[in-house]
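An overview of the molecular structure
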Amino acid sequence: MADSNSLTLTVLGSAGAYRTHDGSRASGYLVQRGATTLVLDLGHGTYAPLAARLGICALPQISAVAISHLHPDHWVDLAALRHALVHGNKLGRDARSVSVISPSGLATRLATLLDDRTPEEQAVGAHEPLQPFAFSTWRSDAVLPPLGGGRIVAVGDLTIRSARVRHTGESYALRVANGDAPGLTYSGDVSHWEDLAAIVRSGDTLLCEAAGGATQWREGDTHVTAYGAGKAAASAGAVKLLLTHFGAEVDPVEAVRAAGTEFSGEIVAVREGDRFEI
(Lines give C-alpha, C1' and ligand atoms only; values in the text may rest on other atoms or scores of the structure.)
Protein backbone atom coordinates (compact mmCIF):
# COMPACT_ATOMS: atom_id res chain seq x y z
CA MET A 1 0.00 0.00 0.00
CA ALA A 2 1.24 3.47 -0.88
CA ASP A 3 2.33 5.81 1.89
CA SER A 4 -0.40 8.41 2.43
CA ASN A 5 2.27 11.12 2.14
CA SER A 6 3.68 9.84 -1.14
CA LEU A 7 3.06 11.09 -4.64
CA THR A 8 1.74 8.70 -7.26
CA LEU A 9 3.18 9.28 -10.73
CA THR A 10 1.43 7.74 -13.74
CA VAL A 11 3.14 7.96 -17.13
CA LEU A 12 0.59 8.99 -19.77
CA GLY A 13 3.19 9.24 -22.53
CA SER A 14 6.97 9.21 -22.75
CA ALA A 15 7.94 9.57 -26.41
CA GLY A 16 9.55 12.36 -28.34
CA ALA A 17 7.70 14.33 -30.99
CA TYR A 18 7.82 11.75 -33.79
CA ARG A 19 8.74 8.39 -32.31
CA THR A 20 6.93 5.51 -34.07
CA HIS A 21 7.79 2.59 -31.78
CA ASP A 22 5.30 1.00 -29.42
CA GLY A 23 4.52 3.62 -26.84
CA SER A 24 4.57 6.66 -29.09
CA ARG A 25 2.38 9.00 -27.06
CA ALA A 26 4.21 12.22 -26.34
CA SER A 27 5.07 13.71 -22.95
CA GLY A 28 2.37 13.60 -20.29
CA TYR A 29 2.41 12.69 -16.60
CA LEU A 30 -0.26 12.45 -13.93
CA VAL A 31 0.73 13.21 -10.33
CA GLN A 32 -1.72 12.50 -7.51
CA ARG A 33 -1.75 12.84 -3.75
CA GLY A 34 -5.03 12.60 -1.88
CA ALA A 35 -7.53 14.93 -3.53
CA THR A 36 -4.84 16.79 -5.48
CA THR A 37 -4.55 15.86 -9.15
CA LEU A 38 -1.83 17.48 -11.20
CA VAL A 39 -0.95 16.99 -14.87
CA LEU A 40 2.60 17.73 -16.05
CA ASP A 41 2.49 18.37 -19.80
CA LEU A 42 -0.19 16.94 -22.10
CA GLY A 43 1.35 16.10 -25.45
CA HIS A 44 -0.27 14.34 -28.39
CA GLY A 45 -2.01 11.10 -27.49
CA THR A 46 -2.01 11.65 -23.73
CA TYR A 47 -5.60 12.83 -23.30
CA ALA A 48 -6.98 9.30 -23.81
CA PRO A 49 -5.08 7.63 -20.92
CA LEU A 50 -5.74 10.68 -18.73
CA ALA A 51 -9.50 10.43 -19.29
CA ALA A 52 -9.41 6.65 -18.88
CA ARG A 53 -7.55 6.98 -15.60
CA LEU A 54 -9.69 9.74 -14.07
CA GLY A 55 -13.02 9.34 -15.90
CA ILE A 56 -14.56 12.13 -17.98
CA CYS A 57 -16.81 13.29 -15.16
CA ALA A 58 -13.76 13.85 -12.93
CA LEU A 59 -11.79 15.92 -15.45
CA PRO A 60 -13.14 19.26 -14.13
CA GLN A 61 -11.65 18.36 -10.76
CA ILE A 62 -8.07 18.36 -12.08
CA SER A 63 -6.23 20.68 -9.71
CA ALA A 64 -3.90 22.09 -12.37
CA VAL A 65 -2.20 21.38 -15.67
CA ALA A 66 1.44 22.52 -15.64
CA ILE A 67 3.06 23.00 -19.06
CA SER A 68 6.85 23.08 -19.31
CA HIS A 69 7.21 24.82 -22.68
CA LEU A 70 5.29 25.56 -25.86
CA HIS A 71 6.41 22.84 -28.25
CA PRO A 72 3.15 21.08 -29.26
CA ASP A 73 4.30 17.63 -28.17
CA HIS A 74 4.01 18.96 -24.62
CA TRP A 75 0.59 20.64 -24.71
CA VAL A 76 -1.46 19.96 -27.83
CA ASP A 77 -3.88 17.53 -26.13
CA LEU A 78 -5.21 20.49 -24.17
CA ALA A 79 -7.46 20.78 -27.22
CA ALA A 80 -8.98 17.37 -26.48
CA LEU A 81 -9.24 18.15 -22.77
CA ARG A 82 -10.98 21.43 -23.60
CA HIS A 83 -13.56 19.62 -25.74
CA ALA A 84 -14.18 17.06 -23.00
CA LEU A 85 -14.68 19.80 -20.42
CA VAL A 86 -17.07 21.78 -22.63
CA HIS A 87 -18.94 19.05 -24.48
CA GLY A 88 -18.30 15.75 -22.75
CA ASN A 89 -19.01 17.10 -19.28
CA LYS A 90 -21.41 19.83 -20.48
CA LEU A 91 -19.83 22.17 -17.92
CA GLY A 92 -22.35 20.81 -15.43
CA ARG A 93 -23.01 21.80 -11.84
CA ASP A 94 -19.69 20.29 -10.69
CA ALA A 95 -17.74 22.12 -13.37
CA ARG A 96 -14.95 24.57 -12.71
CA SER A 97 -12.27 26.26 -14.76
CA VAL A 98 -9.19 24.03 -14.70
CA SER A 99 -6.01 25.94 -13.90
CA VAL A 100 -3.38 25.84 -16.67
CA ILE A 101 0.05 27.24 -15.76
CA SER A 102 2.46 27.65 -18.66
CA PRO A 103 4.97 29.87 -20.39
CA SER A 104 3.39 33.05 -21.73
CA GLY A 105 1.39 32.80 -24.95
CA LEU A 106 -0.27 29.41 -24.60
CA ALA A 107 -3.82 30.71 -24.35
CA THR A 108 -3.52 32.48 -27.70
CA ARG A 109 -1.89 29.46 -29.36
CA LEU A 110 -4.65 27.16 -28.16
CA ALA A 111 -7.34 29.60 -29.29
CA THR A 112 -5.73 29.79 -32.74
CA LEU A 113 -5.56 26.00 -32.97
CA LEU A 114 -9.25 25.73 -32.06
CA ASP A 115 -10.28 28.73 -34.20
CA ASP A 116 -11.70 30.09 -30.96
CA ARG A 117 -11.63 33.42 -29.16
CA THR A 118 -8.68 34.34 -27.01
CA PRO A 119 -9.27 35.17 -23.33
CA GLU A 120 -8.83 38.84 -24.22
CA GLU A 121 -11.54 38.64 -26.87
CA GLN A 122 -13.83 36.80 -24.50
CA ALA A 123 -13.43 39.58 -21.95
CA VAL A 124 -14.89 42.22 -24.27
CA GLY A 125 -17.66 40.22 -25.94
CA ALA A 126 -20.38 37.70 -25.28
CA HIS A 127 -18.99 34.46 -23.94
CA GLU A 128 -19.79 31.49 -21.78
CA PRO A 129 -19.97 32.43 -18.09
CA LEU A 130 -17.51 29.63 -17.25
CA GLN A 131 -14.42 28.99 -19.36
CA PRO A 132 -12.86 25.51 -19.35
CA PHE A 133 -9.37 26.84 -18.54
CA ALA A 134 -8.02 29.53 -16.25
CA PHE A 135 -4.63 30.48 -17.67
CA SER A 136 -1.64 31.84 -15.76
CA THR A 137 2.09 31.87 -16.43
CA TRP A 138 5.34 30.93 -14.77
CA ARG A 139 6.38 34.59 -14.79
CA SER A 140 5.97 36.61 -11.62
CA ASP A 141 5.73 39.72 -13.82
CA ALA A 142 5.95 40.55 -17.53
CA VAL A 143 9.71 40.03 -17.61
CA LEU A 144 11.22 36.70 -18.69
CA PRO A 145 12.83 35.13 -15.60
CA PRO A 146 16.60 34.56 -15.58
CA LEU A 147 17.90 31.01 -15.88
CA GLY A 148 16.79 29.17 -12.76
CA GLY A 149 14.05 31.73 -12.07
CA GLY A 150 10.33 31.05 -11.97
CA ARG A 151 7.48 30.82 -9.48
CA ILE A 152 6.27 28.70 -6.60
CA VAL A 153 2.59 27.84 -6.91
CA ALA A 154 0.41 26.07 -4.32
CA VAL A 155 -1.83 23.43 -5.88
CA GLY A 156 -4.00 21.65 -3.34
CA ASP A 157 -1.67 20.30 -0.67
CA LEU A 158 1.30 20.32 -3.05
CA THR A 159 3.62 23.01 -4.34
CA ILE A 160 4.99 23.36 -7.85
CA ARG A 161 8.20 25.24 -8.37
CA SER A 162 9.36 26.26 -11.84
CA ALA A 163 12.91 27.05 -12.91
CA ARG A 164 13.74 28.36 -16.37
CA VAL A 165 16.10 26.17 -18.36
CA ARG A 166 17.68 26.35 -21.77
CA HIS A 167 15.73 24.69 -24.61
CA THR A 168 13.35 27.15 -26.24
CA GLY A 169 13.06 30.85 -25.44
CA GLU A 170 10.89 30.07 -22.42
CA SER A 171 11.20 26.56 -21.03
CA TYR A 172 10.91 25.36 -17.45
CA ALA A 173 11.80 22.41 -15.29
CA LEU A 174 9.14 21.71 -12.65
CA ARG A 175 9.37 20.33 -9.12
CA VAL A 176 6.35 18.92 -7.26
CA ALA A 177 6.55 18.30 -3.53
CA ASN A 178 4.55 18.04 -0.33
CA GLY A 179 6.07 20.61 1.98
CA ASP A 180 9.76 20.00 2.69
CA ALA A 181 9.64 16.32 1.75
CA PRO A 182 11.62 14.98 -1.20
CA GLY A 183 9.61 15.35 -4.36
CA LEU A 184 9.45 14.78 -8.10
CA THR A 185 11.50 17.01 -10.37
CA TYR A 186 10.54 16.96 -14.06
CA SER A 187 13.13 18.31 -16.48
CA GLY A 188 10.70 19.24 -19.24
CA ASP A 189 12.96 19.60 -22.28
CA VAL A 190 16.42 20.94 -21.46
CA SER A 191 19.61 21.32 -23.45
CA HIS A 192 22.13 21.68 -20.59
CA TRP A 193 21.95 19.27 -17.66
CA GLU A 194 23.63 21.83 -15.42
CA ASP A 195 20.46 23.96 -15.55
CA LEU A 196 18.67 21.36 -13.43
CA ALA A 197 20.90 22.10 -10.43
CA ALA A 198 18.67 25.09 -9.67
CA ILE A 199 15.65 22.91 -8.94
CA VAL A 200 16.49 19.25 -8.13
CA ARG A 201 16.87 18.59 -4.40
CA SER A 202 18.63 15.80 -2.54
CA GLY A 203 16.33 12.81 -2.16
CA ASP A 204 14.19 13.72 -5.17
CA THR A 205 13.13 11.44 -7.97
CA LEU A 206 14.29 13.02 -11.24
CA LEU A 207 12.05 12.47 -14.26
CA CYS A 208 14.43 13.56 -16.99
CA GLU A 209 14.21 13.65 -20.73
CA ALA A 210 16.86 11.70 -22.62
CA ALA A 211 16.00 12.54 -26.21
CA GLY A 212 19.66 12.20 -27.15
CA GLY A 213 19.86 8.66 -25.82
CA ALA A 214 23.32 7.16 -25.51
CA THR A 215 24.96 9.62 -27.90
CA GLN A 216 27.51 12.21 -26.83
CA TRP A 217 26.13 15.72 -26.35
CA ARG A 218 27.44 18.43 -28.68
CA GLU A 219 27.28 22.19 -28.29
CA GLY A 220 24.14 23.39 -30.05
CA ASP A 221 22.07 20.30 -29.17
CA THR A 222 18.68 21.26 -27.75
CA HIS A 223 18.15 18.10 -25.67
CA VAL A 224 20.23 16.35 -23.04
CA THR A 225 21.48 12.83 -23.52
CA ALA A 226 21.16 9.96 -21.06
CA TYR A 227 24.69 10.76 -19.90
CA GLY A 228 23.55 14.29 -19.02
CA ALA A 229 20.49 12.98 -17.22
CA GLY A 230 22.75 10.76 -15.13
CA LYS A 231 25.05 13.66 -14.32
CA ALA A 232 22.09 15.82 -13.23
CA ALA A 233 20.77 13.08 -10.93
CA ALA A 234 24.18 12.37 -9.41
CA SER A 235 25.17 15.97 -8.83
CA ALA A 236 21.88 16.81 -7.08
CA GLY A 237 21.73 13.71 -4.88
CA ALA A 238 18.58 12.27 -6.48
CA VAL A 239 17.59 8.79 -5.31
CA LYS A 240 15.98 7.61 -8.54
CA LEU A 241 16.28 8.57 -12.21
CA LEU A 242 13.35 8.06 -14.55
CA LEU A 243 14.37 8.47 -18.19
CA THR A 244 11.73 9.67 -20.64
CA HIS A 245 11.02 11.55 -23.90
CA PHE A 246 13.15 9.29 -26.06
CA GLY A 247 14.06 10.43 -29.55
CA ALA A 248 12.91 8.58 -32.65
CA GLU A 249 15.75 6.07 -32.77
CA VAL A 250 16.79 5.93 -29.12
CA ASP A 251 17.19 2.47 -27.58
CA PRO A 252 15.90 2.75 -23.97
CA VAL A 253 18.15 -0.09 -22.81
CA GLU A 254 21.22 1.71 -24.12
CA ALA A 255 19.97 4.96 -22.57
CA VAL A 256 19.79 3.30 -19.14
CA ARG A 257 23.28 1.89 -19.61
CA ALA A 258 24.64 5.32 -20.55
CA ALA A 259 22.98 7.05 -17.59
CA GLY A 260 24.39 4.36 -15.31
CA THR A 261 27.94 5.43 -16.11
CA GLU A 262 27.18 8.71 -14.32
CA PHE A 263 24.58 7.78 -11.68
CA SER A 264 24.75 4.84 -9.30
CA GLY A 265 21.13 4.93 -8.11
CA GLU A 266 18.07 3.24 -9.55
CA ILE A 267 17.42 4.08 -13.23
CA VAL A 268 14.23 3.24 -15.12
CA ALA A 269 13.33 3.88 -18.75
CA VAL A 270 9.65 4.74 -18.30
CA ARG A 271 6.85 3.49 -20.51
CA GLU A 272 3.24 4.45 -20.97
CA GLY A 273 1.15 3.19 -18.09
CA ASP A 274 4.01 2.89 -15.63
CA ARG A 275 3.22 3.99 -12.07
CA PHE A 276 5.64 5.02 -9.35
CA GLU A 277 5.25 5.92 -5.69
CA ILE A 278 7.46 8.85 -4.74
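Below you will find a few notes about this structure. Everything quoted here is computed from the prediction, not taken from an experiment. (Residues numbered from 1 in each chain as written. Predicted model: local features only at pLDDT ≥ 70, side-chain atom pairs only at ≥ 80, totals over all residues. Heavy atoms only, no water.)

**Remarks on the sheet that holds strand S10 (residues 184-186)**
- Overall, mixed pairing links the seven strands, which are arranged S7-S8-S9-S10-S11-S12-S13 in an open sheet. Pairing within the sheet leaves two strands with one partner each, and these edge strands are strand S7 (152-155) and strand S13 (266-269). Between one strand axis and the next, the sheet turns through 20 degrees on average, direction left out of account.
- Sheet topology note: the S7/strand S8 (residues 158-165) ladder contains four bridges and is antiparallel. Paired with Val-155 across the bridge in S8 is Leu-158.
- Taken strand by strand, helix H6 (residues 252-260) contacts strand S12 (240-244) and S13, and its axis lies near 155 degrees from that of S13. (Pairing = 2+ DSSP bridges. Helix = DSSP H or I, 4+ residues; strand = E, 2+ residues; numbered from the N terminus. Axes fitted to C-alpha atoms, helices over the stretch in contact; angles between N-to-C directions. Contact = heavy atoms within 4.5 Å.)

**Notes on the packing of helix H5 (residues 226-236) against H6**
- Put simply, H5 and H6 touch, their axes get as near as 7 Å, and they point 45 degrees apart. Accordingly, the angle class assigned to the pair H5 and H6 is oblique. The chirality of how H5 crosses H6 is right-handed. Of H6, the residues touching H5 (which contributes Ala-226, Tyr-227 and Gly-230) are Ala-255, Arg-257, Ala-258 and Ala-259. (Parallel < 35°, antiparallel > 145°, perpendicular 65-115°, else oblique. Left-handed = near helix turned anticlockwise from the far one by under 90°.)

**Points about the pairing of strand S5 (residues 98-102)**
- The buried fraction of S5 is high, at four of five residues.
- Bridge count between strand S4 (residues 64-66) and S5: two bridges; the pairing is parallel. Bridge pairing links Val-65 to Val-100 in S5.
- Bridge analysis of S5 against strand S6 (residues 133-137) gives five bridges, and the strand direction is parallel. Bridge pairing links Ser-102 to Thr-137 in S6. (Buried < 20%, exposed > 50% of the residue type's maximum accessible area, 1.4 Å probe, protein only.)

**A word on the packing of aromatic side chains**
- Inspection of every chain in the model, using the stated rule, returns three aromatic pairs.
- Their ring planes at 70 degrees and their centres at 5.8 Å tell us that Phe-133 and Phe-135 sit as a pair that is edge-to-face.
- Classification of Phe-133 by relative accessible area gives buried; the value is 7%.
- Exposure remark for Phe-135: the relative accessible area of 31% places this residue in the partly exposed category. (Phe/Tyr/Trp six-rings, centres within 6.5 Å; stacked < 30°, edge-to-face > 60°.)

**Structural notes on the sheet that holds strand S1 (residues 8-13)**
- Spatially, S6-S5-S4-S3-S2-S1-S14 is the arrangement adopted by the seven strands of the open sheet, whose pairing is mixed. Two strands bound the open sheet, and with one partner strand each, they are S6 and strand S14 (275-277). On average, adjacent strands in this sheet sit at an angle of 20 degrees to one another, irrespective of strand direction.
- On the sheet, helix H3 (residues 106-114) packs against S5 and S6 and is oriented at approximately 140 degrees with respect to S6.

**Side note on the pattern of salt bridges**
- Inspection of every chain in the model, using the stated rule, returns seven salt bridges.
- With its nearest N and O atoms 2.9 Å apart, the salt bridge here joins Glu-170 to Arg-139. Here Arg-139 lies in the loop between S6 and S7 and Glu-170 lies in the loop between S8 and strand S9 (171-177), a separation of 31 residues in the sequence. (Salt bridge = Lys/Arg side-chain N within 4 Å of Asp/Glu carboxyl O.)

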